[in-house]
Amino acid sequence: MRVKAGAASNVRITKRVCRPRYGPFALHTALDGPMPDAHGREEITVTNPANGEHVSTIVSASQEDVRSAVFSAHEVFKAGLWSRAPAAQRAAVLSNLARDLEERVPELAQVETMQTGRAIREMKAQLGRLPEWLDYYASVLRTHSGFVAPTQGPLLNYVQRIPLGVVAQITPFNHPLLIAVKKIAPALAAGNSVIVKPSELAPITVLEFAEMAIAAGVPAGALQVLPGYGRTVGKALVSDPAIRKVDITAGTDTGRAIGQIVGANLAHYTAELGGKAPIVVFGDADLPSAVNGAAFACLVASGQTCVSGTRLLVQDEVYDEFMDSFLKKVESITNRMGNPLNPKSTMGTVISHRQLQRIEGIVQRGVGTILAGGQRMTGTSPLDGYDFSQGAFFPPTVIADVPTEDDLWREEIFGPVVVVKRFSSEQEGIDLANGCKYGLGAGIWTQDLSRAHRVSALIQAGLVWVNTHHRNDPSSPWGGMKESGIGRENGLEAFEAYTQSKSTIVNIASAEETRSAQDWFAEEDDTEKRYG
C-alpha cells in the first residue's frame, strides 16, 4: 500500500514500501514472480491495526507447499552448497546481508509499523540493531573451532560441530523481523537449511528479508518462508519427520502442543514462551531512574513482549512517591500517543481489534483498582489529531489491589497493562516476584550492590536486569525458566543448539602395532586386548 498521512500527523511518506501481494518464498515457487496467483491456496489479508487499512494480501502456503519446501530444503542440504560451504564463505555472506539490511532499515521499519501498529520510533530503533546479529554470527564462524579430545592410546580424536539438517522456525507478530533474524542468523551460520513460518498477522518483513538473503549469497532453498496459519501451515511444518529442529516463540500452550509433536519425531527443540516479568523497586533505588525504567519495561511495544514488566512491586517506604511519579509518567505517555507513523508518538496500538477486546474484557472485570487507563481509546490525539477510533488503541493501564490468584497477576495479558503491589521486606519482594508460573525476565532497581547480586541470584528467571530493562545483545543468552520455555536464543549457546557434535577417532599407530594390538580374535595370543 501507499502510506499517506493526515494533515496533522507530520508524516510525509508516499513511496510504496511493500508489495500488494506476497506468496510463499520457496524454491518450488521461484517462478511465481513477485505478484503470485493463489492457485487455489488460501489468501490472508494483512491490515494496519492503527486504521484498518489494507497493507498487503498474502497467499498462504498449502500442505503441498510445506512438503515441497521441506523436500527441497533437504536436497539443498545434502548437496552441500551451504551446509558444507567453508565457514569463511558463510561468514562473508552473512556480513554482506548485514550491510544490505542496514540500508533497508528505514523502509522495513515503516512496514513493521504498518503491519503491527507499533510506533515508528520503536521500529527504527529495533531494526537498526538487527545487523549486529548477522555480524556476530559471522564472527562466530570466523573464530569458532573444534577440539581434540584426550582419548587414551595412539588415537587422534577430533570433535567438530556440524549442522543438523532442515530446521523449522515459528515466529510471532510482536517483533516480526527481530525474532526472525535472532533465529535465522545462528541457524544459517551453522549451515542448516531453514524454513520459517512467520505470524499470519505480520509476515511481510520476514518475506522481504528472505529475498535479501538470497540476493546476498544464501543459496536458493537454504532459506524459505512459508506464510500461513499456525494450525495448518505451522502444524504441517513441525510434524514433518525430516525437520531436525524446531525453534518457536509463542504462548506456553502452543509450546506444549508443538513440543509433543517434536518429541515424537526425536527432533531438537527450542521454545521461548510466555512471561509475566516482575519489576522490583527497592527503597534505596534512584526513583527517577526507576520510574523511567519501569515505564519502558511495562509499556514499550504496547506491552506486547514476553519480558514486559507486567508486575510492578514497590517497597513500602517509597511506594507513594514512586507511584505519584509513575502515574504522571503514564499520563504523559498517553497524552503523546498519536499516529504510529509519527516519530513523536510514544506508543502504538495492540496487534488487532480481537486482542483489544480481549484486553479490555480482562481489565473491566472489576478486579482491583484502576489507577490509569482501562478502556480503549477513542476521540482524537492531542499530539497530532489522529483519530483513535480507527484503530486498536489501548492506553497505558495501571491497576492496584489485584489478588495474586487472579488472572491479571498470573496470566500473560500481552498489552499495556501493569498490576502494582507494595511489599515490605526483601524476602517478601523476592517471594512476590517468584510467585508466578513464568520465569523469562525480571527487573531489579536498587543502589545497594550486595542486594543487587543477592536478589538477582534468587529470582527465578532466565534474564535478570539490574537498574535497566529489556537490554538485549547477540552475545547474551536469552530464554526462560519454569513455564517460559526451554533452550536459549543468542550467543554461542544458540549457535551450538543448531549443530551437533561429530567425533572422529583416527588410529595413528603403525601398521605393525595395529596388527598386534587390534586382532581381537587372534589365535594362540593371550595378550590382553583393549576393549573400547
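Residues numbered from 1 in each chain as written. Predicted model: local features only at pLDDT ≥ 70, side-chain atom pairs only at ≥ 80, totals over all residues. Heavy atoms only, no water.

**Observations concerning the layout of surface pockets**
Okay, so step 1: If you add up the space inside the largest pocket, you get close to 1,500 Å³.
Okay, so step 2: Taken together, 47 residues form the lining of the largest pocket, with F173, E200, L201, G251 and T254 sitting closest to its centre.
Okay, so step 3: Elements with a minimum of two residues in the lining of the largest pocket: β2 (43–47), α7 (230–239), α8 (252–264) and α11 (353–363).
Okay, so step 4: Looking at the lining of the largest pocket, the element that brings in the most residues is α8, giving seven residues.
Okay, so step 5: The residue makeup of the lining of the largest pocket, split by class, is 18 nonpolar, 17 polar and 12 charged.
Okay, so step 6: Approximately 820 Å³ is the volume found for the second largest pocket.
Okay, so step 7: Secondary structure elements with two or more residues in the lining of the second largest pocket: α3 (120–127), α5 (176–189), α9 (287–299) and α10 (316–335).
Okay, so step 8: Each residue belonging to the lining of the second largest pocket can be placed in one class, and the counts come to 14 nonpolar, 10 polar and nine charged. (1 Å grid on protein atoms, 1.4 Å probe; cavity = no way out; pocket = protein on both sides within 12 Å on 5 of 7 lines; lining within 4 Å. Points joined across faces, edges and corners; volume = space filled by probe spheres on them. Helix = DSSP H or I, 4+ residues; strand = E, 2+ residues; numbered from the N terminus. Nonpolar A, V, L, I, M, F, W, Y, C, P; charged D, E, K, R; others polar.)

**Re the sheet that holds strand β11 (residues 277–281)**
Okay, so step 1: The sheet built from seven strands is open, its strands ordered β13-β14-β15-β12-β11-β17-β18 with mixed pairing. Of all strands in the sheet, those bounded by a partner on one side alone are β13 (369–372) and β18 (463–466). With direction set aside, neighbouring strand axes in the sheet form an average angle of 25°.
Okay, so step 2: Inspection of the sheet shows β11 paired to strand β17 (residues 441–445) by three bridges, in the parallel sense. Bridge pairing in β17 links I279 to G443.
Okay, so step 3: Most of the contacts of α9 go to β11, to which it runs at about 170°, and overall it touches β11, β12 (309–315), β15 (417–423) and β17.
Okay, so step 4: Across the sheet, α10 lies against β11, β12, β13, β14 (397–400) and β15, angled at about 140° from β12, the strand it touches most. (Pairing = 2+ DSSP bridges. Axes fitted to C-alpha atoms, helices over the stretch in contact; angles between N-to-C directions. Contact = heavy atoms within 4.5 Å.)

**Side note on the packing of helix α2 (residues 87–116) against helix α6 (residues 204–216)**
Two packed helices can be described by the angle between their axes and the distance between those axes.
Okay, so step 1: Running from amino to carboxyl end, α2 crosses α6 at an angle of 160°, the nearest separation of the two axes being 10 Å. Overall, the two elements α2 and α6 adopt an arrangement that is roughly antiparallel. Handedness of the crossing formed by α2 with α6: right-handed. Of the residues in α6, those touching α2 at V93, N96, L97, D100, L101, R104, L108, V111, E112 and Q115 are I204, T205, E208, F209, M212, A213 and A216.
Okay, so step 2: Classifying every residue of the contact of α2 with α6 gives 10 nonpolar, three polar and four charged. (Parallel < 35°, antiparallel > 145°, perpendicular 65-115°, else oblique. Left-handed = near helix turned anticlockwise from the far one by under 90°.)

**Considering the nonpolar core**
Okay, so step 1: L134, Y137 and L223 are the most contacted members of the largest nonpolar core, which has 62 residues in total.
Okay, so step 2: For this core, the leading source of residues is α2, giving 11 residues.
Okay, so step 3: Each residue touching L134, except ones within four places of it in the same chain, is listed here: L94, L97, A98, L101, V181, A185 and F209.
Okay, so step 4: One finds C298, L299, F322 and W445 within the second-largest nonpolar core, a separate group that totals 33 residues. (Core = buried A, V, L, I, M, F, W, Y, C linked by side-chain atoms within 4.5 Å. Buried < 20%, exposed > 50% of the residue type's maximum accessible area, 1.4 Å probe, protein only.)

**Section: α6**
Because the α-helix completes a turn every 3.6 residues, residues three or four places apart line up on one side.
Okay, so step 1: Taking 1.5 Å as the rise per residue, α6 with 13 residues should run 18 Å; its terminal C-alpha atoms sit 19 Å apart, in good agreement.
Okay, so step 2: Most of α6 is tucked away, with 10 of its 13 residues classed as buried.
Okay, so step 3: The set of residues buried in α6 consists of I204, T205, V206, L207, E208, F209, A210, M212, A213 and A216.
Okay, so step 4: Remark: G217 follows α6 within two positions and exhibits a positive phi of approximately 125°. (Expected span 1.5 Å × (residues − 1).)

**Focus on the sheet that holds strand β4 (residues 147–149)**
Okay, so step 1: As summarised here, the arrangement of the three strands in space is β4-β5-β21, forming an open sheet in which the pairing is antiparallel. Edge positions in the sheet fall to β4 and β21 (499–507), since each of these pairs with one other strand and no more. Taking each pair of neighbouring strands and ignoring which way they run, the sheet shows an average axis angle of 35°.
Okay, so step 2: For strand β5 (residues 155–163) and β21, the ladder comprises nine bridges, and the chain directions are antiparallel. When the sheet's bridge partners are listed, L155 is paired in β21 with N507.

**A look at the pairing of strand β6 (residues 166–170)**
Okay, so step 1: Across the five residues that make up β6, a large majority, five, are buried.
Okay, so step 2: On β6, burial covers both faces: V166, A168 and I170 on one face and V167 and Q169 on the other are all buried.
Okay, so step 3: Where β6 meets strand β7 (residues 193–197), five bridges bridge the pair, whose relative direction is parallel. Across the sheet, V167 pairs through a bridge with V194, a residue of β7.
Okay, so step 4: Alignment of β6 against strand β9 (residues 243–249), held across five bridges, turns out to be parallel. In the strand pairing of β9, V166 is matched with I243.

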